[in-house]
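Architecture at a glance
These are the residues of each chain, in order.
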Amino acid sequence: MRCNDVDLVRGTVSIRQSKGHKDRIVYMSSDLHEYCRTYDATISAHHPDRMPFFPNRYGNCYSQCTIDYWFQQLLAAAPHIVSSAGSPPRVYDLRHAHVIENINRWMLAGKDPEALVAYLSPHLGHANTEDTWYYFHLAADFHVDLRRIANTSIESALLEASDGLR
């Protein structure tokens, strides 16, 4: 993430060439926005002309290997997180957890998740809501009513695909 991708006035991050090679803007939560403003003010004293928003000690971007290594160290320090053998959690899996958590929270608050997923899908870079509901098809822990919605979307997509093969 580069400095010019972060708008500290509006509290947005420009995601460039993400899923589907599309650009999109993501809004930061108020606490993340405040953290980034404080961080920017502090790090600018050490790297005033930096290009990456989060520079390494040499002023460059961190590599994907470094991020993956830190994530695995974080998991190792959290003994309550259990992963299956040969398939440890990845940074990308946080996306899945984000979707599940948001939709479950909406359901428990009495909000209509079908309506709200229409706003979550573009945030994730999904072209349609079925791609977002797919996360629920894979999840074991979600509200009973959501299982019906998710499975209905998946089943209709599978029926459409099988009809196309005939």
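Residues numbered from 1 in each chain as written. Predicted model: local features only at pLDDT ≥ 70, side-chain atom pairs only at ≥ 80, totals over all residues. Heavy atoms only, no water.

1. Structural notes on the overall build of the protein
Each helix and strand counted, the protein has six helices and three strands in total. Reading the secondary structure of the protein in the N-to-C direction produces β-β-β-α-α-α-α-α-α. Residues counted as buried form 30% of the 166 residues belonging to the protein. Put simply, 37% of the contacts in the protein that link residues at least 6 apart link residues at least 24 apart. In the form shown here, the protein has an accessible surface area of approximately 11,600 Å², with 57% of it arising from carbon and sulfur atoms. (Helix = DSSP H or I, 4+ residues; strand = E, 2+ residues; numbered from the N terminus. Buried < 20%, exposed > 50% of the residue type's maximum accessible area, 1.4 Å probe, protein only. Contact = heavy atoms within 4.5 Å. Areas by Shrake-Rupley, 256 points an atom, 1.4 Å probe, with all protein chains shown as cover.)

2. A word on the pattern of salt bridges
Taken as a whole and assessed by the stated rule, the structure comprises six salt bridges. Note that D93 and R90 form a salt bridge whose closest N and O atoms lie 2.6 Å from each other. Residue classification places R90 among the partly exposed positions, given a relative accessible area of 49%. Ionic pairing is found between R105 and E101, a salt bridge with its closest N-O pair at 3.6 Å. Remark: E101 and R105 occur in helix α3 (residues 93-108); sequence separation between them is four residues, near one turn of the helix. (Salt bridge = Lys/Arg side-chain N within 4 Å of Asp/Glu carboxyl O.)

3. What to know about a nonpolar patch on the surface
A surface patch of nonpolar side chains, about 720 Å² in accessible area, is lined by M1, L32, Y35, F54, Y62, Y69 and W70. Going through the elements one at a time, α1 (30-43) and α2 (64-76) are the ones with two or more residues in the nonpolar patch. (Patch = residues over 30% accessible without salt bridge, like charges linked within 9 Å, V, L, I, M, F, W, Y side chains within 5 Å.)

4. Regarding the side chain of H126
If you trace the backbone, H126 turns up in the loop between α4 (113-124) and α5 (129-138). By relative accessible area, H126 is classed as buried at 8%. Of the polar contacts made by the side chain of H126, one reaches the side chain of T132; its length is 2.7 Å. (Polar contact = N/O pair within 3.5 Å; in protein donor to acceptor, adjacent residues only side chain to side chain.)

5. Here's the deal with the packing of α3 against α4
The N-to-C vectors of α3 and α4 enclose an angle of 155°; their axes lie 10 Å apart at closest approach. Between α3 and α4, the crossing angle belongs to the class labelled roughly antiparallel. Of the two elements, α3 crosses α4, and the hand of that crossing is right-handed. Note on element contacts: α4 touches α3 through P113, L116, V117, L120, H123 and L124, opposite R95, H98, V99, I103, W106 and M107. By residue class, the composition of the contact of α3 with α4 is nine nonpolar, two polar and one charged. (Axes fitted to C-alpha atoms, helices over the stretch in contact; angles between N-to-C directions. Parallel < 35°, antiparallel > 145°, perpendicular 65-115°, else oblique. Left-handed = near helix turned anticlockwise from the far one by under 90°. Nonpolar A, V, L, I, M, F, W, Y, C, P; charged D, E, K, R; others polar.)

6. Thoughts on α3
In an α-helix, one turn spans 3.6 residues, which is why side chains three or four residues apart end up on the same side. The end-to-end C-alpha separation of α3 is 23 Å, in line with the 22 Å expected for 16 residues at 1.5 Å each. Looking one or two places after α3, you find G110, whose phi comes out positive at around 80°. (Expected span 1.5 Å × (residues − 1).)

7. Here we look at the nonpolar core
One finds V99, I100, I103, W106, V117, L120, L124, W133, Y135 and F136 forming the largest nonpolar core, which totals ten residues. Taken together, the elements giving at least two residues each to this core come down to α3, α4 and α5. Once residues lying within four places of it in the same chain are set aside, the contact partners of V99 are L120, L124, T132, Y135 and F136. In terms of nonpolar packing, the next biggest core, distinct from the first, is built from eight residues, V6, L8, M28 and I43 among them. (Core = buried A, V, L, I, M, F, W, Y, C linked by side-chain atoms within 4.5 Å.)

8. Notes on the pairing of strand β2 (residues 12-15)
When strand β1 (residues 6-7) meets β2, the two strands line up antiparallel, connected through two bridges. Looking at β2, one finds that V6 is bridged to V13. Between β1 and β2, which pair antiparallel and follow one another directly, the connecting turn spans four residues, one of which, G11, has a positive phi of 75°. (Pairing = 2+ DSSP bridges.)

9. What about the pairing of strand β3 (residues 24-27)?
Alternating residues of β3 divide into R24 and V26, all buried, and I25 and Y27, none buried. Direction of pairing for β2 relative to β3: antiparallel, over a ladder of four bridges. Looking at the pairing, I15 lines up with R24 of β3.

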